[in-house]
Amino acid sequence: MPRRRFHAPEPEPLDLERALAGRLRVETRRDGAWNVQPQSASSAVKVYVCPGCGGDIEVGTAHVVTWRADGIMGADDDLAGRRHWHAHCWRIRT
């Protein structure tokens, strides 16, 4: 008797918005709405300068990445202006 071949279903294409939905959040501050995305320590592979304190965010340090959620120049411009903050510096930002 011949064997039946198993055909796996095609995988769904990756939906980046859905993948980030659990982590990405929008926060409203005095200066507008901001997208805030936590960055895990294992994903932090470069050194960044925190705009809050001016200190370095070292490799392997968990932090947040922020960008405007309500910019007038469009989403691409907002994303290009994203900044990496120490989580503490972002929380105490005025």
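The structure under discussion appears in the preceding block.
Read on for an overview of the structure. (Residues numbered from 1 in each chain as written. Predicted model: local features only at pLDDT ≥ 70, side-chain atom pairs only at ≥ 80, totals over all residues. Heavy atoms only, no water.)

**Quick notes on the side chain of glutamate 27**
One can find glutamate 27 in strand E1 (residues 25-29). Assessed through its relative accessible area of 16%, glutamate 27 is described here as buried. Within the structure, the side chain of glutamate 27 is placed 2.9 Å from the side chain of arginine 25, a separation counted as a polar contact. Only 3.0 Å separates the side chain of glutamate 27 from the side chain of arginine 29, close enough to count as a polar contact. The contacts of glutamate 27, once residues within four sequence positions are left out, are Gly32, Ala33, Trp34, Val36 and Trp90. (Helix = DSSP H or I, 4+ residues; strand = E, 2+ residues; numbered from the N terminus. Buried < 20%, exposed > 50% of the residue type's maximum accessible area, 1.4 Å probe, protein only. Polar contact = N/O pair within 3.5 Å; in protein donor to acceptor, adjacent residues only side chain to side chain. Contact = heavy atoms within 4.5 Å.)

**Notes on the sheet that holds E1**
Ordered by their spatial adjacency, four strands build an open sheet running E1-E2-E5-E6, and the pairing between neighbours is antiparallel. The sheet is open, and its two edges are formed by E1 and strand E6 (83-85), each paired on a single side. Neighbouring strand axes in the sheet, compared pairwise and without regard to direction, differ in orientation by 35° on average. The pairing of strand E5 (residues 63-68) with E6 spans three bridges and is classified as antiparallel. Paired with valine 64 across the strands is tryptophan 85, a residue of E6. (Pairing = 2+ DSSP bridges. Axes fitted to C-alpha atoms, helices over the stretch in contact; angles between N-to-C directions.)

**Thoughts on the pairing of E5**
The buried fraction of E5 amounts to five of the six residues, a majority that puts the element mostly inside the structure. Pairing of strand E2 (residues 32-39) with E5 involves six bridges; the strand directions are antiparallel. Each bridged residue has a counterpart across the sheet, and for asparagine 35 the counterpart in E5 is tryptophan 67.

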